[in-house]
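# Topology and contacts: notes
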Amino acid sequence: MATNRAARPRPALPRGGSFGKLAPPFQDETSLVLPNPAPAHARRRLALAILLALPATAPAADGAPNCPVGILQCPPKPTSWAMCHKNDLLDFYVPGLPTEGDRSAVPRDASARKVSAPDKTHYMLEGDAQIRQLDLLLRAPKLTYDSETTDYSASGPVHYQDRGLLLSAQGAKGNADLDQCTLDGVRYQLLSARGNGVAQVAVMDDPDHARLRGATYSTCDLGSQAWAFSARELDLDRAEGVARGRDLTFRIHNVPVFWLPYARFPIDDRRSSGFLYPSIGYSNRRGLDLTLPYYLNLAPNYDATLLPRVMTDRGLMLGGEFRYLTDSSSGTVNAEFMPHDRGAADEERQYGISLPSQRWWYQWRNTTSLGANWSAGVDLNRVSDNRYFEDFGRGLYSSVISFLPSSAYLRGRGSWWNASIGGDEYQITDPTLTSVSEPYRRVPRATFTAEHALLGGLAGGVDSEFVAFSKNHAIDGQRLDLFPYLAYPIETAAYFVRPQLGYRYTAYSLDHLDPADNPLLTQRRPSRGVPIFSLDAGLVFERSLTLGGEAWTQTLEPRAYYLRVPYRDQSELPLFDTQEIPFSFGELFRSNRFVGADRQMDANNLSLALTSRLLESASGTERLSASIGQIRYFEDQRVQLPNVPPTDFGGSTYAGEIDLRLSDRWRIVLDQQWNPNTHRTDLSTVSVQNRFGSDGIVNVSYRYRRDFLEQVDVSAAIPLTPAWRLIARENYALNNPLASPLDPHGTRGRTLERFVGVEHDTCCLAWRVIARHWIRNAQGQADNALYFEIEFKGVGSVGQKTDGFLRRGILGYQ
């Protein structure tokens with residue numbers, strides 16, 4: 001791609017900002033993403049670390065997030081060194097040197113037991129000779145200096161120390177004017193970060209170029225090198241920000257794992273083309289799954305990553321990511337394409353599933369700033385078929401996506417208003433759903449919300465939306481929804497009162513009416529207008545008490561919410577995007593039990609609720625929160641969805657919640673709904689969590705919703721030793737009343753997901769292996785997979801990224 005550098009300036013984003021130079025890419029559990037530039041870590045730069053060790057050069061506080069391997073770039077994620085010793089300081093470390101300040105502004109001091117000058121140009125320091133400059137300390141038994149030529153030499157052992165580095169050498173010589181230096185028999189250790197190694201010879205030709213011979217690097221403890229890199233020759237070019245290594249070998253427990261004859265790699269935070277870490281996995285549907293990304297540094301404001309992916313049971317997939325930044329925009333383009341899916345024929349033969357031979361997916365995400373108050377965003381997604389994520393999803397939970405959304409919006413905001421205009425569209429990616437289940441396209445869709453103070457505490461506002469709905473073989477139409485309101489909230493520490501009065505008006509313009517399919521929809525321009533009044537009020541009582549010799553604070557918080565909405569017949573209104581919200585404690589205080597503007601509930605209700613909390617007075621930590629509430633109906637609930645009869649209940653289901661934290665290690669959460677009209681439990685969930693040891697955790701939960709699900713979920717991360725941890729989960733459905741007719745298990749109980757694995761963590765090396773079995777679709781078809789990940793701390797990891805998967809599967813996992 002050719003670019004006119006003069007006509008098209010490349011923006012440079014500040015670190016941590018929203019725009020700037022593209023950061024080096026890194027890999028996670030679903031895909032390649034675009035992070036903010038991370039601080040550079042010296043531990044990840046073998047070459048630069050040794051270069052900084054030279055006495056003429058001051059080390060930087062931070063380094064670049066690049067791997068010393070060279071052709072690989074690392075994920076800039078935090079690394080845990082909890083299993084390491086205290087940085088294994090070399091025996092000549094001198095504590096107490098300054099850690100802050102500008103070294104160049106401080107003069108150098110030299111001292112020795114004996115100082116001699118045979119002539120006017122030659123000086124010799126003998127006996128514990130030292131040169132000190134702020135945090136820099138150079139020590140040697142003997143130092144010589146020629147003031148005429150600026151040549152110098154130091155007889156070993158030579159010890160060098162600054163705020164970030166500790167180094168020893170058998171000898172050193174060089175020229176101060178030329179910034180040249182040669183060190184023999186080098187040992188070094190990073191102080192500001194993990195990292196150590198050796199070099200037979202380190203030669204500094206000038207401030208920007210150095211040559212190393214027989215160099216090694218590792219983040220392991222000095223006495224236990226689980227892994228290390230070594231290079232016969234390493235040439236460093238700080239001007240270009242690259243290093244060139246020859247005869248490069250990576251060893252694990254001193255066993256060679258791979259060897260490269262030549263490698264060129266970055267030594268600072270400048271991006272560089274090269275291979276990223278591979279992703280490796282296995283499943284019985286894809287076979288061995290290997291992805292080897294290659295990163296292309298095209299320009300400071302755009303780059304690309306090629307993602308060739310080989311699946312032994314499916315074939316070759318070609319993928320890629322393109323990222324860009326301009327003065328006002330940033331975005332990514334992702335795509336995957338498989339020209340021939342070998343597994344498609346097997347699917348049709350075994351399960352009768354017809355799949356296209358060519359499989360593909362693409363995504364475009366873009367954000368554009370249009371000034372201080374306006375922006376535009378695009379999120380475009382598309383797949384070749386509704387089983388794509390089930391077959392090829394990179395994220396371990398990607399197969400649960402039922403509707404793939406796409407949207408594009410222009411958004412604006414001010415101090416008291418928000419506005420947007422754009423559209424939404426969805427693609428079905430669940431093969432069990434038919435086209436009838438596909439949501440309506442909302443193109444265009446415009447919203448405007450505002451609230452502004454009027455007089456005193458009185459505020460006026462409006463919520464509005466205009467949508468044009470369309471769908472194949474269905475009614476189309478436009479809908480305008482307006483809700484202007486007045487509110488007079490009164491808020492204090494002891495009580496609150498929030499009255500609100502508004503009027504909701506909704507109007508339609510419908511097309512493609514078919515009385516045969518929808519006999520109730522006879523008007524092309526139906527409308528609905530209804531006033532809505534609500535009054536929300538609550539009190540907060542507190543008292544101090546002593547329990548177990550400790551001071552506690554208990555609160556009692558009664559709350560009442562009155563809602564009045566007159567009945568309006570809405571049977572002639574279509575249903576475009578409206579559903580009834582499942583009942584919960586939060587629904588006690590909503591003005592509409594439907595989401596979407598096609599239905600507005602009628603109400604003459606009073607919600608009554610009571611909450612009590614127990615807090616530690618010293619720390620303010622909440623140990624107990626308990627709530628219970630119910631809606632009392634003074635009139636029948638007449639507005640319902642189609643085929644749902646009106647209700648004449650005097651009261652709603654009782655909703656109760658308890659959150660009990662017995663200690664920092666024990667937590668119990670209960671959520672219960674009991675229906676007094678049927679004398680049955682509608683919902684019940686119980687969750688118990690226990691944290692033990694340094695990083696052990698066990699979760700046990702039970703979930704029940706009448707006529708929908710009943711499940712038991714057990715997950716755990718159990719430390720066996722400080723270095724070994726067992727991880728597991730069992731999610732079991734006791735029954736499945738909504739099972740697909742194609743599911744051979746029917747409504748019988750079965751395992752929805754099970755995985756078991758083991759983690760091993762040492763100072764500088766960690767690995768994890770997980771075996772997983774799960775139900776991959778509503779037909780009850782199961783899949784099995786094996787995931788393996790190994791992390792060389794301070795460098796990066798190889799294998800299937802499973803951190804996000806475990807955090808989702810094991811609540812509280814770290």
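Since this is a predicted model, take the numbers as computed values, not measurements.

Tracing the backbone shows D128 in strand 5 (residues 122–133). The exposure class assigned to D128 is partly exposed, which follows from its relative accessible area of 40%. Spatially, the C-alpha atoms of D128 and R139 are 6.6 Å apart, while their sequence positions differ by 11 residues. Excluding residues within four positions of it along the chain, D128 makes contact with S111, A112, R113, A140 and P141.

The next point concerns the nonpolar core. L167, L183, V186, W227 and F792 are the most contacted members of the largest nonpolar core, which has 46 residues in total. Counting residues in each nonpolar core, the second largest holds 20 residues, with I532, F585, A609 and L641 among its members.

In this section: the environment of T546. Residue position: T546 is located in strand 32 (residues 541–547). With a relative accessible area of 58%, T546 lands in the exposed category. For T546 and S617, which are 71 residues apart along the polypeptide, the C-alpha to C-alpha distance reads 9.8 Å.

Our focus in this paragraph is the pattern of salt bridges. On inspection of all chains with the given rule, the structure shows 49 salt bridges. The salt bridge involving D424 is made with R442; its shortest N-O contact spans 3.2 Å. Residue D424 is found in strand 25 (residues 417–428), and its partner R442 is found in strand 26 (residues 441–453); the two are separated by 18 residues along the sequence. Comparing D424 with R442, the two get one shared label, buried. In this structure, D481 and R504 form a salt bridge, with 3.1 Å as the shortest nitrogen-oxygen distance.

Before going further, it helps to examine the packing of aromatic side chains. Summed over the entire model, instances satisfying the criterion amount to 26 aromatic pairs. Both rings, one in F275 and one in Y294, keep their centres 4.9 Å apart while their planes meet at 80°; by these two values the pair is edge-to-face. Taken together, the positions of F275 in strand 15 (residues 274–275) and Y294 in strand 18 (residues 294–299) put the pair 19 residues apart, joining distant regions of the chain. Taking the centre distance of 6.5 Å and the plane angle of 25° together, the rings of Y654 and W674 count as stacked. Placement of Y654 in strand 38 (residues 654–660) and of W674 in strand 39 (residues 666–675) is noted, with a sequence separation of 20 residues between them. Members of the aromatic cluster, connected to one another through ring pairs, are Y217, W227, F229, F250, F258 and F792. Cation over ring: R498 sits above F496, and NZ or CZ is 3.9 Å from the ring centre. The ring of W774 has R772 sitting right over it, with the charged end atom 4.0 Å from the ring centre.

How each quantity is defined
Within each chain, residue numbers correspond to sequence positions counted from 1 in written order. Two thresholds apply to this predicted model, a pLDDT of at least 70 for residue-level local features and 80 or more for giving and counting side-chain atom pairs, whereas whole-chain, interface and lining totals are computed over all residues. Where side-chain values are given, they derive from all heavy atoms of the structure, hydrogens and water being excluded. Strands are runs of DSSP state E lasting at least two residues, helices are runs of H or I lasting at least four, and both sets are numbered from the N terminus onward. Note on exposure labels: buried denotes an accessible area under 20% of the residue type's maximum, exposed denotes more than 50%, and partly exposed covers the range between, all computed with a 1.4 Å probe on protein chains only. What makes two residues a contact is simply this: any of their non-hydrogen atoms within 4.5 Å. Joining through side-chain atoms within 4.5 Å is the link that ties buried Ala, Val, Leu, Ile, Met, Phe, Trp, Tyr and Cys residues into a set, and such a set is a nonpolar core. Any Lys or Arg side-chain nitrogen found within 4 Å of a carboxyl oxygen on Asp or Glu counts as a salt bridge. Stacked, edge-to-face and tilted are the three classes for Phe, Tyr and Trp ring pairs, Trp counted by its six-membered ring, which pair at centre distances within 6.5 Å; planes under 30 degrees apart are stacked, over 60 edge-to-face, the rest tilted. Should the NZ of a Lys or the CZ of an Arg lie within 6 Å of a ring centre and within 35 degrees of the ring normal, that charge is described as sitting over the ring.

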